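Observations on chain architecture
The lines below spell out each chain.
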Amino acid sequence: MELKGKNVFVTGSTRGIGKAVAQAFAKAGANVALNGRGEISSDQISELESFGVKCIGVSGDIANFESAGEMIQAVVDGLGSIDILINNAGITNDKLMLRMSEEDFTRCIQINLTGTFNMTQHAIKRMMKQRSGTIINMSSVSGLIGNIGQANYAASKAGVIGFTKSVAREVAARGITCNAIAPGFIETEMTEVLSDKVKEQMNQQIPLQTFGQVEDIANAAIFLASSPYITGQVLNVDGGLVMHG
Ligand SMILES: NC(=O)c1ccc[n+]([C@@H]2O[C@H](COP(=O)([O-])OP(=O)(O)OC[C@H]3O[C@@H](n4cnc5c(N)ncnc54)[C@H](OP(=O)(O)O)[C@@H]3O)[C@@H](O)[C@H]2O)c1
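This one's a predicted model, so the numbers in the text were calculated from it and none came from an experiment.

1. Focus: the overall build of the protein
Secondary structure assignment for the protein yields 9 helices and 7 strands. Seen through its principal axes, the protein has C-alpha atoms that stretch 45 × 40 × 35 Å. Taking all 245 residues of the protein together, the buried fraction comes to 52%. Looking at the protein alone, contacts between residues at least 24 apart form 71% of all its contacts between residues at least 6 apart. Summed over its atoms, the accessible surface of the protein is roughly 11800 Å², and 51% of this surface lies on carbon and sulfur atoms. Each charge class in the protein can be summarised by its mean position, and for the 20 positive and 23 negative side chains these summaries are 7 Å apart.

2. Things to note about the packing of aromatic side chains
Two numbers describe a pair of aromatic rings. These are the distance of the centres and the angle of the planes. Counted according to the given criterion, the structure contains 2 aromatic pairs. Geometrically, the ring pair formed by Phe65 and Phe117 is stacked, given 6.3 Å between the ring centres and 20° between the ring planes. Taken together, the residues Phe65 in helix 3 (residues 65-79) and Phe117 in helix 4 (residues 102-130) connect sequence positions 52 residues apart. The class of Phe65 is partly exposed, set by a relative accessible area of 37%. Residue classification places Phe117 among the partly exposed residues on the basis of a relative accessible area of 35%.

3. A short note on the site of the ligand
Inspection of the region around the ligand gives 29 residues, with Thr14, Arg37, Asn88, Tyr153 and Thr188 positioned closest. Here an oxygen atom of the ligand sits 2.7 Å away from a polar atom, N or O, in the side chain of Arg37. Within the backbone of Ile186, an N or O atom sits 2.8 Å from an oxygen atom of the ligand. Isolated, the ligand exposes 890 Å² of accessible area, and the fraction of that covered by the protein chains is 94%. Elements with a minimum of two residues in the shell around the ligand: helix 1 (16-27), helix 6 (151-171) and helix 7 (189-192). Along the lines of polarity and charge, the residues of the shell around the ligand split into 11 nonpolar, 14 polar and 4 charged.

4. Some remarks on the UniProt feature "binding site: NADP(+)" (unreviewed entry) in the protein
Residues annotated by UniProt as "binding site: NADP(+)" (unreviewed entry) correspond here to Gly12, Ser13, Thr14, Arg15, Asn88, Tyr153, Ala154, Ala155, Ser156, Lys157 and Ile186. Judged by maximum C-alpha separation, these annotated positions cover 175 residues in sequence and are scattered in space, the widest gap reaching 24.8 Å. In this fold, Gly12 is placed in the loop between strand 1 (7-10) and helix 1. Examined against the element boundaries, Ser13 turns out to sit in the loop between strand 1 and helix 1. Beyond its immediate sequence surroundings of up to four residues, Ser13 is in contact with Gly18, Lys19, Ala22, Ala33, Leu34, Asn35 and Gln44. Within the local environment of Ser13, its side chain forms a polar contact with the backbone oxygen of Val10, the two atoms lying 2.6 Å apart.

5. A closer look at the pattern of salt bridges
In this structure the tally under the stated criterion is 2 salt bridges. In this structure, Lys95 engages Asp104 in a salt bridge whose closest nitrogen and oxygen atoms are separated by 3.1 Å. Judged by relative accessible area, Asp104 falls into the buried class, the value being 9%.

Rules and cut-offs
- Residues numbered from 1 in each chain as written.
- Predicted model: local features only at pLDDT ≥ 70, side-chain atom pairs only at ≥ 80, totals over all residues.
- Heavy atoms only, no water.
- Helix = DSSP H or I, 4+ residues; strand = E, 2+ residues; numbered from the N terminus.
- Buried < 20%, exposed > 50% of the residue type's maximum accessible area, 1.4 Å probe, protein only.
- Contact = heavy atoms within 4.5 Å.
- Areas by Shrake-Rupley, 256 points an atom, 1.4 Å probe, with all protein chains shown as cover.
- Lys, Arg positive; Asp, Glu negative; His and termini not counted.
- Charge placed at Lys NZ, Arg CZ, Asp CG, Glu CD.
- Phe/Tyr/Trp six-rings, centres within 6.5 Å; stacked < 30°, edge-to-face > 60°.
- Near = heavy atom within 4 Å.
- Polar contact = N/O pair within 3.5 Å; in protein donor to acceptor, adjacent residues only side chain to side chain.
- Nonpolar A, V, L, I, M, F, W, Y, C, P; charged D, E, K, R; others polar.
- UniProt positions renumbered as here; feature names shortened; annotations may be inferred.
- Salt bridge = Lys/Arg side-chain N within 4 Å of Asp/Glu carboxyl O.

Given below as structure tokens:
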């Protein structure tokens, strides 16, 4: 599928994976709406506009249902429609189960899982009317195999996978696809906090023996958005960390 001229909204695109995804879509000729909870810098907007596409900043918290509706409306007002929604914004809040408070647990679920629901629910109404659309949700290998200290995060990301498959089934007949990407360990601010010892231990478990780069995830997002016959799938981009039989 041609991405040139499509309108894409990437949540959590002020840094890390989302920023690289937004850049890759702009390079492919898509108009981009950037998002984060704070103000979107004019430098970041001009950087994407230099690819000859439209770019707007849409600030807001995905965890808030009303804000989610306002953000989707802002994308439609600013770009004309929403063709591709990339639910990328997410947080970690790692703690061992015994030390994890109810607030630690629900905050992760509220942003990573409910936030994905909020954005999709508002976007899908538009996509159903236009009888086309692409949704890509950022899950994680933690949602597939779990991870020590991430009961909250892994639960939210496993939830994203069930959500993705259900939505894919519901909207396929309207020409809308819905897939997930499960990144492994990718070099961003989210993984920067890990100690060198933990990073070394992780590397030993990864068959390709190295952390991934944000561009690896951006390439996967471009591939899924260009592939209208793929839906309900989880694409692992993890150096071989998780291999299904
Ligand atoms: N890095 C990895 O190794 C890895 C592995 C597996 C999965 N992932 C997933 O990939 C996604 C991106 O990760 P990353 O490493 O790029 O994270 P990051 O560097 O921490 O960036 C997160 C982005 O999300 C935004 N954000 C956070 N909460 C938000 C909210 N409630 N509403 C709107 N925006 C919000 C942040 O902006 P503000 O703070 O300005 O709001 C920021 O732009 C996440 O879903 C993460 O779980 C990452």
